[in-house]
Amino acid sequence: MIKITQWIVVCLVLCVSVGIAFSQGLSPPSNVTAVDTPNDDGSSVTIKWDAAPEDSGISGYQILRRIAGGGLEEIGEMLPAGTTTYVDATIEKGNVYAYIVRAVTETEATVDSNETAPTTGTDEWFHTGRIPLFVAMLLFGAAIVWNIYDARSGKEIFVRRIPGLEAVDEAIGRATEMGRSILYVLGLGGVSGPATIASMTILGQVARRTADYETPLRVPCRDPIVMSVVREMVKASYLDEGRPDAYNEENIFYLTSGQFAYAAGVDGMMIREKPAAVFLQGTFYAESLILAETGNSIGAIQIAGTDSEHQLPFLITACDYTLIGEELYAASTYLSREPMLLGSLKGQDWGKVLIFASLVLGVLLELSGVNWITTLLQRVG
Amino acid sequence: MRRQVPLILCFVFGVVMMLTQFSPHSFSQGIYEEVLSWALIISPFMLVLGTVTLIQTHVARIRRRTEHWQYSFIIFAGILLMVVIGIPFGPQHPIFVWLFNNVQVPMDATMFSLLAFFIASAAYRAFRARTFEASLLLVTALIVMLGNVPIGDLFWNTVLSGLPWDNGLSDTKQWILDNPNLSARRGIILGVSLGAISQSIRILLGIERSYLGGGD
C-alpha cells in the first residue's frame, strides 16, 4: 500500500513538473557540443550551447556528465541563466565523456538537452594562440643575433650618448679625489631578475675602475646568492685590472632580506660613511625614495637605474642621473664597448622600429575601419 | 671547461624553459614545474649562506672594534632569541608571533612612514618652477593632487561654478593619468621588455658572461 502511494506521489510530481515546463514553453538547450579545450594539456573539455531567449523562464543550467559505459553525474555548481559555455576541468585523461545540459526554471522544472557526441581531452604540443607571439619572438631574436654577428665584422656602431653612464667615471673620480667610498646598491631583485643581472654587469665595469683608482667599493646585498655572484664578479674585475691585492671581500656583504630593514641598513651606511658616490641600480620598490633622498641629503653624486617604472619618478627627482628602463640593460654594453654587445643594441632598435611601425599601421587601419591588427594584438594579449 | 659547462647549461635550460611557454603539453609543463622545483632547492642554501655571512661580518666588526661595534651584539641577541623560540616551538608560538608583531612590524612601519616626509622633500625640489619643464610639472602635479581629493572638486563646483562642466579637476586628473601618463609608461615598459629580451639572448648565447665572474 505504501509503495503504491509513493508511486502515485512520484508520478504526480513528474506530471506537475512536466506540465509547468510545457506551460512555460520550456525548450531544451540547443546545439550542445562538447569538444576538447584547445591549447591545453588535455585536462579539460569545453561544453557550448546556444543562448536561450530572455523570456524562456530558464533560471540556470546544470551540467551532467557520463563517463563511457557509466551513469550520469552532476558536475559543478548551477550555472546562471545566460551562460553558454562551461569548461569541465575535472576530467581524467584517457576517459571518454558525453554531456547533457539541463535547463532549470525557478519552479525547479527541468528539461535536458540531447547527449553530446563522446569526446576526450588531448594534449596539445603547441599553443596555436601564441603563434603571433612566437613569430614576433623569432623575428626579434633573429634581428638581435644577426646584428651581433654583423658587428663582428668591425663596423662602427653609433650609440647615442647616455648622460648617466658618462657620469660613471666622474662619480668614481670624485670619490677618489675626496678619499671616500662608493656605495653600490643592487636593489631588491633576486639573482634571476633581469634588472639585477644588468646591475651586476654594470658593477663589474665600476669595479674595474675602482680597482684602478683604489677607491673602496661597498656593496650591501639583500640576497645571499646575489652576494656570492657579486663577490666573484668584483674579484674577477680586480684580477683583470691586475689589482687582486686591492680586493676586499668584506666590502661585499649580506645585510638583510627585509625590505625596510635593508633600506634602514643602507641609509645607516650612507649617514655614517658618507660615500661620495651612490649607485642605485636594479629593481626597487617603495624603498627607492628613502634610499635616494638619504643619498641626496649627504651630498653624494647619485646614479640610479631601474626597470620599475613606478619608481622612476622618485629616482629622477632625487638622483643626479637616472638610467630609464632599457638604458639599464644597455649600460654594460655602453661601458664595455664590446662590438658584439653593441650589435645587440642595434637589434634591439630594430625591434623598436617594428613595434612603432605596427602601432602606426594599426592606428591608420583602425581609422580606415580595418581592425584585424587590433584583433590580432588583443588575441596575443 | 670551468666556463663552458655553465654556459652550455644556461643555453640548454634557457631554450627549454622558453619553449615550454609555447607548449601546453603535459610533458613540457612537467619539465617546467620540475625545473622550478629544482630552483627551490637553492633556498635552504641561501638561508645558511646568509646566516653565516651575517655572523662572519659582525664577528669581524666586534673583533676589530669598528665604529658602533656594540650594536653587533644586538644582532646576535635577536638571532639567538628567534632561533631559540622558533626552532623548538615553531613560528606560530605566541612569543614568536608577539616578537614579530611588536618588534619587526613597528620597525618596518617606521621606515615606511618616513616615505611621506621624503616624498614631500623630493616634491619640493622637483616642483620649483625654475624652467618651463619644471613649471609644467608643477601645474600637472597640482591638478593631479587636487583631483585626487574631494576638496578639489568641491572648490571647482563652488568657486568655479560658472564654468560649463562639473568635476573638472577630477576629470582632468583622470585624463592626464589615462593619456600622457599611461602613454609614457607604456613606452618605458616596451623599452624595458625589449632590453630584457635582448639581454636574455646575449646571456643565452654566452656573449654576456660577466655574471659568471668577470672576463674570460
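This text goes with the structure placed above it.
Residues numbered from 1 in each chain as written. Chains lettered and ligands numbered in written order. Predicted model: local features only at pLDDT ≥ 70, side-chain atom pairs only at ≥ 80, totals over all residues. Heavy atoms only, no water.

Another aspect to go through is the overall build of chain B. Secondary structure summary: chain B contains seven helices and zero strands in total. Mapped in sequence order, the helices and strands of chain B form the string α-α-α-α-α-α-α. Here chain B has a C-alpha radius of gyration of 27 Å; the compact-globule value for 216 residues is 17 Å, and the former is much larger. Counting only C-alpha atoms, chain B reaches 75 × 50 × 40 Å along its principal axes. Out of the 216 residues belonging to chain B, those deemed buried represent 27%. At a minimum sequence separation of 6, the contacts of chain B that also span at least 24 residues come to 31%. (Helix = DSSP H or I, 4+ residues; strand = E, 2+ residues; numbered from the N terminus. Rg over C-alpha atoms; globule rule 2.2 N^0.38 Å. Buried < 20%, exposed > 50% of the residue type's maximum accessible area, 1.4 Å probe, protein only. Contact = heavy atoms within 4.5 Å.)

To describe a pair of aromatic rings, you give the distance between the ring centres and the angle between the ring planes. Per the stated rule, a full pass over the model turns up 11 aromatic pairs over all chains. Relative to F134 of chain A, the ring of F126 of chain A lies with its centre 5.5 Å away and its plane at 80°, an arrangement referred to as edge-to-face. Ring pairing ties together the aromatic residues F126 and F134 of chain A together with F22 of chain B, which thus form one cluster. Its guanidinium or amino end placed over the ring of Y334 of chain A, R337 of chain A lies 4.5 Å from that ring's centre, counting from NZ or CZ. (Phe/Tyr/Trp six-rings, centres within 6.5 Å; stacked < 30°, edge-to-face > 60°. Lys NZ or Arg CZ within 6 Å of the ring centre and 35° of its normal.)

Before going further, it helps to examine the state of the cysteines. Taken as a whole and judged by the stated rule, the model has zero disulfides over all chains. Of all cysteine sulfurs in the structure, the one in C221 of chain A sits closest to C319 of chain A, which takes part in no disulfide; the separation is 19 Å. (Disulfide = S-S within 2.5 Å.)

Right, let's get into the interface of chain B and chain A. The interface is formed by 53 residues belonging to chain B together with 70 residues belonging to chain A. For the pair chain B and chain A, the summed buried area comes to about 5,200 Å², and 71% of that belongs to carbon and sulfur atoms. Between the two partners, chain B and chain A, sit three salt bridges. Between E250 of chain A and R64 of chain B there is a salt bridge, and its shortest N-O distance comes to 2.5 Å. Summed over the shared surface of chain B and chain A, the result is 16 residue pairs in polar contact (both at pLDDT 80 or more). Contributing elements (two or more residues each) for the side of chain B that touches chain A: α1 (4-20), α2 (26-64), α4 (94-126) and α7 (168-204) of chain B. In terms of residue count, the dominant contributor to the side of chain B that touches chain A is α7 of chain B (15 residues). Taken together, the residues of the side of chain B that touches chain A sort by class into 29 nonpolar, 17 polar and seven charged. (Buried area = accessible area lost by both parts, 1.4 Å probe. Salt bridge = Lys/Arg side-chain N within 4 Å of Asp/Glu carboxyl O. Polar contact = N/O pair within 3.5 Å; in protein donor to acceptor, adjacent residues only side chain to side chain. Nonpolar A, V, L, I, M, F, W, Y, C, P; charged D, E, K, R; others polar.)

So, on to the sheet that holds strand β10 (residues 252-254) of chain A. Residues and elements named next belong to chain A. Taking strand neighbours across the sheet as the criterion, the six strands line up as β10-β9-β8-β11-β12-β13 in an open arrangement whose pairing is parallel. Single-partner strands in this sheet number two, and they are β10 and β13 (321-324). Across the sheet, the mean angle separating the axes of adjacent strands is 15° when strand polarity is ignored. Summarising the sheet, strand β12 (residues 301-306) and β13 pair through four bridges and their orientation is parallel. Opposite I303, over in β13, you have Y321 as the bridge partner. (Pairing = 2+ DSSP bridges. Axes fitted to C-alpha atoms, helices over the stretch in contact; angles between N-to-C directions.)

This next bit is on the pairing of strand β6 (residues 97-105) of chain A. All names here are of chain A. Among the nine residues of β6, eight are classified as buried, and the element is accordingly described as predominantly covered. Direction of pairing for strand β3 (residues 58-67) relative to β6: antiparallel, over a ladder of nine bridges. Among the inter-strand pairings, Y61 is bridged to a residue of β6, identified as A103. Both β6 and strand β7 (residues 110-112) contribute to a ladder of three bridges, which runs antiparallel. The residue bridging A103 from the neighbouring strand is V111, located in β7. Where β6 hands over to β7, the hairpin turn is made up of four residues, of which E108 adopts a positive phi near 70°.

What follows is about the sheet that holds β7 of chain A. Residues and elements named next belong to chain A. Reading across the sheet, the four strands line up as β4-β3-β6-β7 and stay open at both edges, with antiparallel pairing between neighbours. This sheet does not close on itself; its edge strands, each paired only once, are β4 (72-80) and β7. Put simply, the sheet's adjacent strands are angled 25° from each other on average, direction ignored.

According to the stated counting rule, one finds 19 salt bridges over all chains in the structure shown. One salt bridge in this structure joins R125 of chain B and E293 of chain A, with 2.4 Å as the shortest N-O distance. Separated into two different chains, R125 of chain B in helix α4 and E293 of chain A in helix α7 (residues 288-297) make up a pair that spans both. Judged by relative accessible area, E293 of chain A falls into the buried class, the value being 5%. The structure contains a network of salt bridges with shared partners spanning R65, E73 and D88 of chain A.

Once that is clear, we can look at the packing of helix α5 (residues 224-240) of chain A against α2 of chain B. Each packed pair of helices is defined by two parameters, the angle between the axes and the distance between the axes. The geometry of α5 of chain A relative to α2 of chain B is characterised by a closest axis approach of 8 Å and an angle of 70° between their N-to-C directions. With respect to α2 of chain B, the axis of α5 of chain A lies roughly perpendicular. Of α2 of chain B, the residues touching α5 of chain A (which contributes P224, I225, M227, S228 and R231 of chain A) are I42, M46, L49, G50 and T53 of chain B. Along the lines of polarity and charge, the residues of the contact of α5 of chain A with α2 of chain B split into six nonpolar, three polar and one charged. (Parallel < 35°, antiparallel > 145°, perpendicular 65-115°, else oblique.)

Here we come to unusual backbone geometry. The phi torsion at E214 of chain A lies on the positive side, around 60°, for a residue other than glycine. Within the secondary structure layout, E214 of chain A lies in the loop between α4 (194-213) and β9 (217-221). Look at E214 of chain A and you get exposed, because its relative accessible area is 52%. In this structure, H68 of chain B takes a positive phi of about 60° despite not being glycine. Residue placement: H68 of chain B occurs in the loop between α2 and α3 (71-89). Residue class for H68 of chain B comes out partly exposed when judged on its relative accessible area of 31%.

Here we come to the environment of L26 of chain A. Residues and elements named next belong to chain A. With respect to the helices and strands, the residue L26 is situated in the loop between α1 (2-23) and β1 (33-36). Residue L26 is classed as buried on the basis of its relative accessible area, which comes to 9%. Separated by 315 residues in sequence, L26 and L341 place their C-alpha atoms 69 Å apart.

Time to look at the side chain of S181 of chain A. All names here are of chain A. The residue S181 is located in the loop between α3 (163-178) and β8 (182-187) in this model. Using a relative accessible area of 12% as the deciding quantity, one classes S181 as buried. Apart from the residues lying within four places of it in its own chain, the contact partners of S181 are A175, P216, R218, E273, P275, A276 and A277.

The buried fraction of β3 of chain A is high, at seven of 10 residues. Hairpin geometry of β3 of chain A and β4 of chain A is characterised by an intervening segment of four residues between the two adjacent antiparallel strands and by a positive phi of about 85° at G69 of chain A.

The next thing to look at is the nonpolar core. Residues and elements named next belong to chain A. Of all hydrophobic cores here, the largest spans 56 residues; its most connected members are Y184, L217, V219, V230, V234 and F279. Looking at this core element by element, the count peaks at nine residues for α4. If sequence neighbours within four positions are ignored, Y184 has contacts with S199, I202, L203, V206, L217, R218, V219, P220, F279 and Q281. If you look at the next biggest cluster of nonpolar residues, it comprises 27 residues, including A263, M269, L280 and A300. (Core = buried A, V, L, I, M, F, W, Y, C linked by side-chain atoms within 4.5 Å.)

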